[in-house]
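# Residue-level structural notes
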Amino acid sequence: MAPNMNPKKVPIPEQKPEERIKNFNEVALGYTPEQAKEEAMRCLQCKARPCVAGCPVNVKIPEFIKQVAEGNFDEAYRILVSENCLPAICGRVCPQETQCEILCVRGKKGEPVGIGRLERFVADVAMEKGSQEIPEIKKNGVRVAIAGGGPAGLTCAGELARLGYDVTIFEALHALGGVLMYGIPEFRLPKKLVEKEIAVALKLGVKIEKNVIIGKSITVDELFQEGFRAIFIGCGAGLPSFMKIEGENLNGVYSANEFLTRTNLMKAYDFPKSPTPIKIGKRVAVIGGGNVAMDAARTAKRLGAEEVYIVYRRSETELPARAEEVHHAKEEGIIFKLLRNPVKILGKDGWVVGMECVEMELGEPDESGRRRPVVKKGSNFNFPVDTVIVAIGGTPNPLIRQTTPGLQVQKWGGIIVDEATMKTSKENVYAGGDIVTGAATVILAMGAGKKAAHAIHEALQEKELSSLV
Ligand code: FAD
Ligand code: SF4
Ligand code: SF4
């Protein structure tokens with residue numbers, strides 16, 4: 001079959017911006033089988049497989065794409081899930097442009113192959129057909145505990161279950177998925193799909209204990225006393241950071257974490273059908289420039305705000321959000337106020353009425369390599385808004401480190417690990433995902449979970465399994 005040499009990706013159908021700002025349905029609608037085959041034909045099946053090196057879980061990219069091009073969607077799915085247990089999710093939210101697709105040779109003279117779009121297509125077809133196979137597993141009876149049911153914990157659990165371990169996930173909330181459920185909005189990642197894909201990934205017999213907070217309901221040391229032989233900590237970095245400026249306690253100021261959790265997990269957008277309301281004003285300022293800020297801004301728009309602003313202290317070049325999210329936000333009428341920073345939130349009768357901001361300019365690069373924003377002297381101005389959403393990142397909840405003696409952490413609270421094995425300073429305790437790296441990506445968290453699972457297997461094989469023989 002001759003490859004399709006069109007330099008552009010087959011466009012993915014999307015809801016129109018003027019329609020989608022009135023609903024929470026998914027923005028991108030996905031490929032038809034014909035569109036998927038046409039896009040798959042753009043892959044040159046490179047022998048050196050450069051794209052695979054960009055994927056933290058080593059998806060066999062050319063192999064699964066070849067099957068799509070030939071119309072063998074079940075086989076494509078089988079190849080995909082052999083390395084990635086959450087392909088419908090990754091196909092939607094992976095920053096492919098900086099991971100697998102950036103290394104695609106087609107990107108040198110045009111657009112790279114739409115690897116994420118194809119991954120999503122294959123996973124969606126399999127889920128619709130229910131064609132996922134559950135492999136036969138020989139159980140070894142060795143117990144491993146997983147703290148946190150986000151992408152890192154789920155992947156570690158799935159991998160270990162496949163290797164025969166008796167795995168239990170302890171999750172603080174009433175739902176699994178972590179940020180996939182409470183952070184990323186419905187219009188980017190439908191929650192029904194997340195639930196379905198997680199259920200398939202855990203069909204290998206993983207036990208789930210919801211509403212259990214490790215460090216409060218039970219400690220890491222107590223888990224060992226209960227008979228668990230190894231523990232993986234994947235509790236994320238969900239404690240929101242604030243700007244520490246005057247006025248942050250006013251009514252109408254949210255952390256993005258609270259705002260998105262109320263909207264996504266508690267379905268505030270469906271109030272009064274859901275029991276959780278959320279108050280949103282007419283003029284909303286979202287502080288920050290990452291994916292979280294874009295999600296909060298686009299959510300505010302859908303909840304009925306008339307004007308929504310992104311207030312970010314650097315310029316467009318430094319925006320940390322995915323280019324696609326910035327593009328979608330602009331299409332939806334989000335207004336970008338760049339090189340601006342709030343210094344005070346203004347209030348009246350306990351409610352937000354505006355922000356005092358300063359203009360910024362860019363100085364020398366800082367330790368992150370990005371140019372440092374510097375305040376322009378005398379540039380203070382008032383900016384009337386009635387809701388402020390703070391989306392400037394988060395850190396790990398201190399509970400685990402406070403209750404786990406022997407666990408070494410960074411100054412900012414991240415757990416220190418050996419990067420090759422994800423082993424912490426405490427015997428038989430491993431960690432991965434945002435609790436190690438700080439806010440990062442779904443696929444990096446999954447990659448860490450997978451790496452830890454194999455290191456746990458290697459360590460336990462030596463200690464536990466050899467004694468069983
Ligand atoms: P989490 O997803 O945070 O999961 C941690 C889990 O541990 C949670 O379920 C939590 O309830 C549980 N937990 C916490 N403490 C305890 C405890 N003491 N005991 C038991 N359980 C506990 N990444 C992308 O790749 N693409 C995107 O488009 C993207 N968009 C994002 C949008 C938003 C709004 C946010 C907030 C993040 C986004 N990210 C995105 C980042 C990505 O979601 C995270 O990097 C990823 O979810 C980290 O996975 P994790 O498993 O380490 O942690
Ligand atoms: Fe690319 Fe993410 Fe799929 Fe890996 S999991 S191939 S990084 S889209
Ligand atoms: Fe296909 Fe691009 Fe990977 Fe080559 S680099 S195998 S063209 S996806």
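This report concerns the structure included in the present document. Because the structure is predicted, anything quoted here is derived from the model rather than measured. (Residues numbered from 1 in each chain as written. Chains lettered and ligands numbered in written order. Predicted model: local features only at pLDDT ≥ 70, side-chain atom pairs only at ≥ 80, totals over all residues. Heavy atoms only, no water.)

### As for the packing of aromatic side chains
Summed over all chains, the structure comprises five aromatic pairs. Between Phe24 and Phe187, the aromatic rings sit 6.1 Å apart at their centres with planes inclined by 55°, giving tilted as the arrangement. Linking Phe24 in the loop between α1 (17–20) and α2 (33–40) with Phe187 in the loop between α9 (179–182) and α10 (191–201), this pair joins segments that are 163 residues apart in sequence. Judged by its relative accessible area of 9%, Phe24 falls in the buried class. Note on Phe187: relative accessible area 1%, which makes it buried. When the ring of Phe170 is compared with that of Phe228, the centres are 5.8 Å apart and the planes differ by 80°; the resulting orientation is edge-to-face. Of this pair, Phe170 sits in strand β2 (residues 166–170) while Phe228 sits in the loop between α11 (220–225) and β4 (230–233), placing them 58 residues apart in sequence. Considered together, Phe170 and Phe228 belong to a single accessibility category, that of buried residues. Sitting over the face of the ring of Phe228, Arg143 holds its NZ or CZ atom 4.1 Å from the ring centroid. Across the ring face of Tyr430, the terminal group of Lys423 is positioned such that the distance to the ring centre comes to 5.9 Å. (Phe/Tyr/Trp six-rings, centres within 6.5 Å; stacked < 30°, edge-to-face > 60°. Helix = DSSP H or I, 4+ residues; strand = E, 2+ residues; numbered from the N terminus. Buried < 20%, exposed > 50% of the residue type's maximum accessible area, 1.4 Å probe, protein only. Lys NZ or Arg CZ within 6 Å of the ring centre and 35° of its normal.)

### Brief notes about α2
Of the positions making up α2, those classed as buried are Ala36, Glu39 and Ala40. Buried positions in α2, seen along its axis, are confined to an arc of 100° and lie on one side of it. Those residues of α2 hidden inside the fold are in contact with α4 (61–69) and α7 (115–129). (Arc of directions from axis to C-beta. Contact = heavy atoms within 4.5 Å.)

### Regarding the site of ligand 3
Neighbouring ligand 3 are Cys43, Leu44, Cys46, Pro50, Cys51, Pro62, Cys104 and Val105. Taken together, the residues of the shell around ligand 3 sort by class into eight nonpolar, no polar and no charged. (Near = heavy atom within 4 Å. Nonpolar A, V, L, I, M, F, W, Y, C, P; charged D, E, K, R; others polar.)

### Points about the pattern of salt bridges
Summed over the entire model, instances satisfying the criterion amount to 30 salt bridges. Salt-bridge contacts for Lys344 lead to Glu246; the nearest nitrogen and oxygen are separated by 4.0 Å. One end of the pair, Lys344, is in strand β10 (residues 340–348); the other, Glu246, is in the loop between β5 (239–240) and β6 (253–255), with 98 residues separating them in the sequence. Across the pair Glu307 and Arg283 runs a salt bridge whose closest N-O atoms are separated by 2.7 Å. Here Glu307 is found in strand β8 (residues 307–312), whereas its partner Arg283 is found in strand β7 (residues 283–287), with 24 residues between them in sequence. Note on Glu307: relative accessible area 29%, which makes it partly exposed. Look at Arg283 and you get partly exposed, because its relative accessible area is 24%. (Salt bridge = Lys/Arg side-chain N within 4 Å of Asp/Glu carboxyl O.)

So yeah, pure geometry; function would need other evidence.
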